[in-house]
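For reference, the chains in residue letters:
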Amino acid sequence: MPELPEVETIRRDVLPKVKGKIIKKVELIDRRILKGFPAPLFIKGLSGQKILNVERRAKYLLFKLASGKYFVVHLGMTGRLLFSPDKYIKAIFSLSGGNKLYYSDLRLFGRLKLYNHYPELKLGPEPLGNEFTPELFKIILKNRKGPIRSVLLDQKLIEVSDASLQL
């Protein structure tokens, strides 16, 4: 599974190639990557959209669109964003300028979704953000039992409410 540093690297690689481009056409090779999101709504909602930015939140890639919508990609275990096809292509995004962005996923654990606003992903503090301090990490770990690995791998566990931050 791509971990946070790999997802950030992917974001940095993809951003200059898609920023400012318009999604001209969306082709879904395998609709299962939408995990229940209606394919016609996904295709219609993305077609004609201009990509303003690609952000990362935890292991999610968030394509900020000019309309205010967000196209969100979670790579799962084997998902990849490519600019040349391979044999596991599940979706093709034709961009202005003639480039294509391919979503490839061997095992179909990844997912694609379209949000009408910034998505609420129910995640804890951003580990690479300024708000994630050693003090905050201590508070998060204070009442946890078990291996630290479990805490670090559970993105929902590192979710802290304002009430739990009071010392």
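Residues numbered from 1 in each chain as written. Predicted model: local features only at pLDDT ≥ 70, side-chain atom pairs only at ≥ 80, totals over all residues. Heavy atoms only, no water.

Draft legend 1. Quick look at the pattern of salt bridges. Applying the stated criterion across every chain, the model contains 6 salt bridges. Its salt-bridge partner being Arg11, residue Glu8 comes within 2.9 Å of it at the nearest N-O pair. Remark: Arg11 and Glu8 occur in helix H1 (residues 4-18); sequence separation between them is 3 residues, near one turn of the helix. Residue Arg11 is classed as buried on the basis of its relative accessible area, which comes to 17%. (Salt bridge = Lys/Arg side-chain N within 4 Å of Asp/Glu carboxyl O. Helix = DSSP H or I, 4+ residues; strand = E, 2+ residues; numbered from the N terminus. Buried < 20%, exposed > 50% of the residue type's maximum accessible area, 1.4 Å probe, protein only.)

Draft legend 2. The arrangement of the sheet that holds strand E4 (residues 70-74) in detail. Pairing is antiparallel across the open sheet formed by 4 strands, whose spatial order is E2-E3-E4-E8. Looking at strand neighbours, the two that pair on one side only are strand E2 (51-57) and strand E8 (111-115), the edges of this open sheet. Neighbour-to-neighbour, the strand axes of this sheet turn through a mean angle of 20°, independent of strand direction. In the sheet, strand E3 (residues 60-65) pairs with E4 via 5 bridges, with the strands oriented antiparallel. Opposite Lys64, over in E4, you have Tyr70 as the bridge partner. Against the sheet, H1 engages E2 and E3, with an angle of about 175° to E2. Each of E3, E4 and E8 touches helix H2 (residues 39-46); the most contacted strand, E8, lies at about 65° to it. (Pairing = 2+ DSSP bridges. Axes fitted to C-alpha atoms, helices over the stretch in contact; angles between N-to-C directions. Contact = heavy atoms within 4.5 Å.)

Draft legend 3. Region of interest: the nonpolar core. In terms of nonpolar packing, the biggest core is built from 30 residues, with Phe42, Leu46, Phe63, Phe71, Phe93, Tyr103 and Leu112 touching the most fellow members. The contacts of Leu46, once residues within four sequence positions are left out, are Ile23, Val26, Leu65, Phe71, Phe93 and Leu114. Ala58, Val72, Leu121 and Leu123 belong to the second largest nonpolar core, which has 8 residues in total. (Core = buried A, V, L, I, M, F, W, Y, C linked by side-chain atoms within 4.5 Å.)

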